[in-house]
Structures are given as C-alpha cells and as structure tokens.
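Close look at the chain arrangement
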Amino acid sequence: MHAYLIIAHHHFNQLKLLLTLLNDERNDLFVHIDEKVKNKKSVRELCGAAVRKSRIIWVPGHRVTWGGYSQIDCELYLLKEARKVRRYQYYHLISGEDLPLKNQDEIHAFFDANYGNNFVNIGSEKYSKDAEERCRYYYLFQDVIGKSEPYEHFLMKAIRRLGLRIQSISRVDRIGKNFKGGRKLVHGSNWFSITDGLAEYVLDKEEWIYTAFHAGTCVDELFLQSLVMNSSWKHTLYISGYNNGCKGNMRFIHFENGLPHTWRIEEFGRLMESGCCFARKFDETIDEKIITRITEKILDGNPGGQKIEYKNSLCGN
C-alpha cells in the first residue's frame, strides 16, 4: 500500500483529475485543503466523486504560507495522519498542481523493484551558502508575509529587514547553535517519496526540526535533505550524493528564475520521455490541453480506464 500526501489550495479542477489518476485500491489518499479555502465542503464532495477504489482521507486544514514553517508543519502532520492508519510501503508528498506521468501499475512496479530506496532530491553543494542564509537569522513574520506583493505587509517587511540587518551586525548565527559536529545544511525540492522507516525517523526528529528551522525562510526545501544527508539514511537514496537531479525524487521539475516552470502542450513528449513518475507544475488557466493529454494517456493505459472530458468532469475552484 502507498500513501499519497496531497497539499492543495487552488485549481481544484486539477485536483479532481489528479485524484482520478491516483484512484487505485493500492493507494490511500490523504488530502490537505488549505484553511484559507472557503468552499472546502463543495471541493470535498465534487473532487471526492473521482475516487471509487482508493480510500480518501480529508485531513483537517492548516493555514499554510509560502516560505514559512507552516509548510513543514503541514508535511509532518500529513505523515503523522497517514501513519495512524497503517505503515505504508511509500509515502508520496505531492502538490495539487502535480500529475503522475505513469499509470498506477507502472508506478507500483517501479517502487516494488526499488523498495528500500528513498527518493529525495538533493541540490548542489554550491548552494550551501544560500541554504545557510535561510536559517542563520530570525525571519520575522514569514508565516504572515509569505509570497505577498511588494506593497502588502509593508510595515512587517520593513521591520523584518531592520531585524535582519541588526542580526547581521550582531553576528547572530542560529546555524552554529543547531548544526554541530560538522553537520551541514542541504537543500533540494521538498516533494518526496520515502519509506516508512525514514518517515518514522523524520517524525522522531520533529522537536529538533522545529528548533532548527521554525525561524527561517523557505525551510521546507532544507529540513528533509539536511536530516538525510547528515545521517545513515543518505545510503538509502535512490541516487546518492549531491545534485542528484529530477531522478532523485522521480519528479520532473524545471526551474526558471527560482520558480517551477509551468508545462505546456508542446512539451508533452519531453514530459513522457523524462522517465519520472510525477511532474510539476501544471496550471489549467495557462494550458489545460497538457493536463487533458496526460490524463487521457494514463487512463488509456489502465485496464478499465476511460477518457475524461476536461470541462464537463471537473469541480470549480
């Protein structure tokens, strides 16, 4: 059995399609809808209609803010909720803007063949300085400011900039306090597929994770990588070492100016030839054709699968 841990906050048309593609008796689906979403009940009713074979568990929503510790808190909460149900072979953390690139028979066959390996993306060592800057100081109001426009939360941003300047002059160093004995901060994509053993290890370290990362910024891309690479779990990585690329976590993600690229229909071949199990990100408001094409491709490859007419089958946002 596999557990899918799904974090969604908008584009619920896509969420329904995602659930359709994950709908399999070998999967339990743990879905987190952000607390800020107002129509959660209708989302559950309409999107839940896509699931007939899997068990779907709608976990209580947290208020998640981009770049804040709330992202880690949500991920750990999903892991805990899943492990209350049973011990799964794999836990897959994905976004509501992701899609699988293979059908469920192919995905299960892949993870069966590689059971015991953990799929965590590890970035390049040359970005270690950037990772340190994210945790060295106290980033005030990060879980309020998030990814707001320049004019939003102006006063809080000004206070935070002043606070960072004072901390720099005062040589505040939270890294030296929390990373001792040669342990290093490591960064990478926060989306993962991990075994129950690693999930248990992560949850056992929850207190340290909070101490080390709660005051930082964009720390969801640091905590798991740092735990793994500073422990014996690094030997269980599917692709070991730094800069293990998209095959490290089997997610095809292309970054542009620090943000994930949104895939278009003309890139369908590139996606399907990537060899990855999942891809992000997709946006129905930018290109719904690529979403439809991938959905139909995967459902055609599943016994009993049927084509879905995109606009007629989806729930509203």
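For the structure itself, consult the block above.
Conventions used here
- Residues numbered from 1 in each chain as written.
- Predicted model: local features only at pLDDT ≥ 70, side-chain atom pairs only at ≥ 80, totals over all residues.
- Heavy atoms only, no water.
- Helix = DSSP H or I, 4+ residues; strand = E, 2+ residues; numbered from the N terminus.
- Rg over C-alpha atoms; globule rule 2.2 N^0.38 Å.
- Buried < 20%, exposed > 50% of the residue type's maximum accessible area, 1.4 Å probe, protein only.
- Contact = heavy atoms within 4.5 Å.
- Arc of directions from axis to C-beta.
- 1 Å grid on protein atoms, 1.4 Å probe; cavity = no way out; pocket = protein on both sides within 12 Å on 5 of 7 lines; lining within 4 Å.
- Points joined across faces, edges and corners; volume = space filled by probe spheres on them.
- Nonpolar A, V, L, I, M, F, W, Y, C, P; charged D, E, K, R; others polar.
- Core = buried A, V, L, I, M, F, W, Y, C linked by side-chain atoms within 4.5 Å.
- Pairing = 2+ DSSP bridges.
- Axes fitted to C-alpha atoms, helices over the stretch in contact; angles between N-to-C directions.

1. Observations regarding the overall build of the protein
Across its full length, the protein carries 15 helices and 10 strands. Its C-alpha atoms give the protein a radius of gyration of 20 Å, near enough to 20 Å, the size a compact globule of 317 residues would have. Taking the principal axes of its C-alpha atoms as reference, the protein extends roughly 65 × 45 × 40 Å. Out of the 317 residues belonging to the protein, those deemed buried represent 54%. Expressed as a percentage of contacts within the protein between residues at least 6 apart in sequence, the contacts between residues at least 24 apart total 78%.

2. Examining helix 2 (residues 40–48)
Inspection of helix 2 places Val-43, Cys-47 and Gly-48 among the buried residues, and these make up the whole buried set. The arc enclosing the buried residues of helix 2, seen along the axis, measures out at 105°, which places them on a common side. Of the residues in helix 2, the exposed ones pointing more than 90 degrees away from the buried face are Lys-41 and Glu-45. Buried residues along helix 2 sit in contact with helix 1 (12–22), strand 2 (27–33) and strand 3 (55–59).

3. Notes on empty space enclosed by the protein
Applying the stated criterion across every chain, the model contains one cavity of 30 Å³ or more. Forming the walls of the largest cavity are Gly-123, Ser-124, Glu-125, Tyr-127, Ser-128, Leu-185, Val-186, His-187 and Tyr-242. Broken down by class, the residue content of the lining of the largest cavity amounts to four nonpolar, four polar and one charged.

4. Observations regarding the nonpolar core
Counting residues in each nonpolar core, the largest one holds 44 residues, and the members touching the most others are Leu-5, Leu-79, Tyr-91, Val-202, Ile-209, Phe-213 and Phe-223. Contributing elements (two or more residues each) for this core: strand 1 (2–8), helix 3 (69–85), strand 4 (90–95), helix 5 (128–136), helix 9 (196–204), helix 10 (206–213) and helix 11 (223–229). The biggest single contributor to this core is helix 3, with eight residues. Of all hydrophobic cores here, the second largest spans 25 residues; its members include Ala-8, Leu-18, Leu-19 and Phe-119.

5. Considerations on the sheet that holds strand 3
Strand order in the open sheet made by the five strands is 3-2-1-4-6, with mixed pairing throughout. Both outer strands of the open sheet, strand 3 and strand 6 (193–194), are each paired with one neighbouring strand and no more. As defined by bridge partners, strand 4 adjoins strand 6 across two bridges and the pair is classed as antiparallel. Counted as the bridge partner of Tyr-91 is Ile-194 from strand 6. Here helix 2 sits on the sheet and contacts strand 2 and strand 3; the angle it forms with strand 3, its principal contact strand, is near 170°.

6. Remarks on the side chain of Thr-236
Relative to the elements of secondary structure, Thr-236 occurs in the loop between helix 11 and helix 12 (245–249). Ignoring anything within four residues of it in the chain, the contact list for Thr-236 reads Gly-116, Asn-117 and Asn-118.

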